[in-house]
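Residues per chain, in single letters:
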Amino acid sequence: MGGLNLINIKLWNKANVTKICWDLAHKQDKLWIRWVHTYYIKGKQIQEADIPQQACWIIRKIMEAREDMKLIQNDTAIKKSITSLVYKQLLPNNARVPWKYFMYRNDARPKAKIIMWLGLQGKLITTDRLIRWGMNVEGKCSLCQAQEETRDHLLAECEYSKRHWEKTMQWIQHQRCKHIQWKHHLEWAIESAKGRSPQAQIFRMAYAECLYAIWMERNYKIFEKKSRNWEAIARETTVMCHVRAAPRVQTITHSLQF
């Protein structure tokens, strides 16, 4: 859902009921299935049997799921998980987001991934959005005081943020994006996050933690009226990556020099 790789519980429950209905139609070796067939289905095909109104709510719901059994098209699909098969068929056909690679095998903290998710969708509450909503706030970027604060500026074009990105990418020995526009920054990040290699896994974690650190420093300066230099923030990011790294990549992160 929303690129977060979360399960739609309503559709998942529906898929599970459909799986039970499939068992009712195809598996005769279970005692409860034989009981349902004896008392309610009575030798008919489940698709043709009337739904017994005197049956309990659970039995009625299972038999009502027979319409969704059409999603299980042939016998070859039975080799796979029927629940997963039906669930994927029930999901709406939404376009895949290009930044989906950031959400898989990412060892960053959950709150860092949430902030990254909001940033990638342009949903962070930056001052340009607050001004559009009619709020009277200072429009300048709190980190550099040079330009108006937008998502694109704060995360990619701000001098403070650029130095933080450069130091973090230098630490993981990854080439920094040479372009300052958000569009090019995002293209570079998506390409770097692709794959199952340890380097890609480290990049995804470092990217999420770096973006989160920039956002939190921005909030710290606005609400606490305090600030820290970008190098201190970059050092905190690397420490967090050391702590959060999965065993598969810990050997690599421990060998990196800040």
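Use the structure listed above.
Attention in this report is confined to the structure presented alongside it.

Cut-offs used in this document
Residues numbered from 1 in each chain as written. Predicted model: local features only at pLDDT ≥ 70, side-chain atom pairs only at ≥ 80, totals over all residues. Heavy atoms only, no water. Helix = DSSP H or I, 4+ residues; strand = E, 2+ residues; numbered from the N terminus. Rg over C-alpha atoms; globule rule 2.2 N^0.38 Å. Buried < 20%, exposed > 50% of the residue type's maximum accessible area, 1.4 Å probe, protein only. Areas by Shrake-Rupley, 256 points an atom, 1.4 Å probe, with all protein chains shown as cover. Lys, Arg positive; Asp, Glu negative; His and termini not counted. Charge placed at Lys NZ, Arg CZ, Asp CG, Glu CD. Core = buried A, V, L, I, M, F, W, Y, C linked by side-chain atoms within 4.5 Å. Contact = heavy atoms within 4.5 Å. Patch = residues over 30% accessible without salt bridge, like charges linked within 9 Å, V, L, I, M, F, W, Y side chains within 5 Å. Salt bridge = Lys/Arg side-chain N within 4 Å of Asp/Glu carboxyl O. Axes fitted to C-alpha atoms, helices over the stretch in contact; angles between N-to-C directions. Parallel < 35°, antiparallel > 145°, perpendicular 65-115°, else oblique. Nonpolar A, V, L, I, M, F, W, Y, C, P; charged D, E, K, R; others polar.

1. Some points on the overall build of the protein chain
Within the protein chain, the regular secondary structure consists of 12 helices and zero strands. Secondary structure elements of the protein chain, listed N to C terminal, follow the sequence α-α-α-α-α-α-α-α-α-α-α-α. Relative to the 2.2 N^0.38 estimate, which gives 18 Å for 258 residues, the radius of gyration of the protein chain is 26 Å and therefore markedly larger than a compact globule would have. Overall, the C-alpha framework of the protein chain stretches about 80 × 50 × 30 Å when taken along its three principal axes. Looking at the protein chain as a whole, 43% of its 258 residues qualify as buried. By element, 52% of the accessible surface of the protein chain is carried by carbon and sulfur atoms, the whole surface being about 15,300 Å². Separation between the mean location of the 43 positive side-chain charges and that of the 24 negative ones in the protein chain comes to 4 Å.

2. Concerning the nonpolar core
Phe102, Met116, Leu120, Ile172, Phe203 and Tyr207 are the most contacted members of the largest nonpolar core, which has 45 residues in total. Mapped onto this core, the elements with two or more residues apiece are helix H5 (110–120), helix H7 (151–157), helix H8 (159–171), helix H9 (182–193), helix H10 (198–223) and helix H11 (230–244). Here this core takes 12 residues from H10, the largest share from any one element. If sequence neighbours within four positions are ignored, tyrosine 207 has contacts with Phe102, Met116, Leu120, Trp165, Trp182, His185, Trp188 and Ala189. Ranked by size, the runner-up nonpolar core spans 23 residues in total, among them Ile41, Ile59, Ala65 and Val86.

3. Observations concerning a nonpolar patch on the surface
Taken together, the side chains of Ile125, Ile131, Trp133, Met135 and Val137 define a hydrophobic patch exposed on the protein surface, amounting to about 440 Å² of accessible area. Positionally, isoleucine 131 belongs in helix H6 (residues 127–132).

4. Describing the packing of helix H1 (residues 9–26) against helix H2 (residues 31–41)
The geometry of H1 relative to H2 is characterised by a closest axis approach of 9 Å and an angle of 75° between their N-to-C directions. Between H1 and H2, the crossing angle belongs to the class labelled roughly perpendicular. On H2, the residues touching Ile20, Asp23 and Leu24 of H1 are Trp32, Ile33, Val36, His37 and Ile41. Among the residues making up the contact of H1 with H2, the classes are represented as six nonpolar, one polar and one charged.

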